[in-house]
Amino acid sequence: MDERYYTLSDDQAAVKAKYPAVKKNYEYLDHTADVQLHAWGNTLEEAFEQCAMAMFGYMTDIETVEPLDTVEVETEGDDLISLLFHFLDEWLYKFSADQFFIPREVKVLHIDRIQFKIRSIGWGEEFNLTKHPQGTEVKAITYSAMQIHEEEKAEVFVIIDI
């Protein structure tokens, strides 16, 4: 399933029409009891951004989110795989446990490939069921079958527990 379809209220559709469309370089791949995110970009930074947006896109129609506030996420890992895991896990934390923040867009500002650190920022707002359509809750990020490829384009594959 490449795109999730949400039934939007008139208010949600009005917000969606107010802003330019969000770039979506990702798709959802079927996986037993979970969902695999496949995201890509011209750079590793873009692939990480798109993977975060795929995760949030599974939870709601991100185009109904208004860029009213910003949240920064900085995290680190032991290698690129653990960096991707911690990056997504920290963004999920911002949504589920910390601020109920849902971004319309995530931008990776820098990936340090030597010390395996990442800096990113998201523009969005607090998730609100009356404003944002309900998708599927993402419970956790998994290491299972996580992949990063950087041949012709940067691609990442991540299984999320739903």
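Quick note: structure is the one above.
Our subject in this report is the structure included herewith. Everything numeric here is computed off the predicted structure, so don't read it as measured data.

So, how was this worked out
- Numbers given to residues run from 1 along each chain, matching the order in which its sequence is written.
- The model is predicted, so local features are restricted to residues of pLDDT at least 70 and side-chain atom pairs to those at 80 or more, both for listing and for counting; the totals for chains, interfaces and linings are taken over all residues.
- The basis for every side-chain value is the complete set of non-hydrogen atoms in the structure, without hydrogens or water.
- Side-chain atoms within 4.5 Å are what join buried Ala, Val, Leu, Ile, Met, Phe, Trp, Tyr and Cys residues into a set we call a nonpolar core.
- Each residue is placed in one exposure class: buried if its accessible area under a 1.4 Å probe, protein chains only, is under 20% of its type's maximum, exposed if it is over 50%, and partly exposed if it falls in between.
- Only runs of H or I of at least four residues qualify as helices and only runs of E of at least two qualify as strands under DSSP, and these elements are numbered from the N terminus.
- Contact criterion: two residues are considered in contact whenever any of their non-hydrogen atoms come within 4.5 Å of each other.
- Paired strands, as defined in this entry, are two strands with at least two bridges between them according to DSSP.
- Between N-to-C directions, angles cover 0 to 180 degrees, with each direction set by a line fitted to C-alpha atoms, over the stretch in contact for helices.
- A 1.4 Å probe that fits but cannot get out identifies a cavity on a 1 Å grid over protein atoms alone, an open set with protein on both sides within 12 Å along at least five of seven lines counts as a pocket, and a residue lines either if it has an atom within 4 Å of a point.
- Grid points are joined across faces, edges and corners, and a volume is the space filled by probe spheres set on the points.
- Throughout this entry, Asp, Glu, Lys and Arg are counted as charged residues, while Ala, Val, Leu, Ile, Met, Phe, Trp, Tyr, Cys and Pro are counted as nonpolar. The remaining residues, Gly among them, count as polar.

1. Section: the nonpolar core
Part 1 of the argument: With 45 residues, the main nonpolar core has F48, M55, F87, W91 and I141 as its most contacted residues.
Part 2 of the argument: Listed by contribution, the elements that provide at least two residues to this core are β1 (26-31), β2 (34-41), α2 (44-59), β3 (69-76), α3 (80-98), β4 (101-112) and β8 (154-161).
Part 3 of the argument: Ranked by residues supplied to this core, first place goes to α2 with 11 residues.
Part 4 of the argument: Setting aside residues up to four positions removed in sequence, I141 forms contacts with M55, F85, L88, D89, L92, M146, V158, I159 and I160.

2. Considering the sheet that holds strand β5 (residues 117-126)
Part 1 of the argument: One open sheet accounts for 3 strands, arranged β3-β5-β4; its pairing is antiparallel. Each edge of the open sheet carries a strand with a single partner, namely β3 and β4. Between one strand axis and the next, the sheet turns by 20° as a mean value, whatever way the strands run.
Part 2 of the argument: Bridge count for β3 against β5 is 8 bridges, and the pairing is antiparallel. If you follow T70 over to β5, its bridge partner there is W123.
Part 3 of the argument: Contacts from α2 reach β4 and β5, with the element oriented near 160° to β4.
Part 4 of the argument: Strand contacts of α3: β3, β4 and β5, with the helix running at about 145° to β3, the strand carrying the most contacts.

3. Notes on the layout of surface pockets
Part 1 of the argument: Approximately 240 Å³ is the volume attributed to the largest pocket.
Part 2 of the argument: Forming the walls of the largest pocket are 13 residues, and the residues nearest its centre are V22, K23, Q50, R104 and E105.
Part 3 of the argument: Listing elements by their share of the lining of the largest pocket, those giving two or more residues are α2 and β4.
Part 4 of the argument: Ranked by residue count, the leading element in the lining of the largest pocket is α2, at 4 residues.
Part 5 of the argument: Of the residues belonging to the lining of the largest pocket, the class tally is 7 nonpolar, 1 polar and 5 charged.

4. Comments concerning unusual backbone geometry
Part 1 of the argument: The backbone of F116 shows a phi angle near 55°, a positive value even though the residue is not glycine.
Part 2 of the argument: Turning to its location among the elements, F116 is positioned in the loop between β4 and β5.
Part 3 of the argument: Of note, A145 is a non-glycine position whose phi angle comes to about 60°, a positive value.
Part 4 of the argument: With respect to the helices and strands, A145 occurs in the loop between β6 (140-141) and β7 (147-150).
Part 5 of the argument: Classification of A145 as partly exposed rests on a relative accessible area of 42%.

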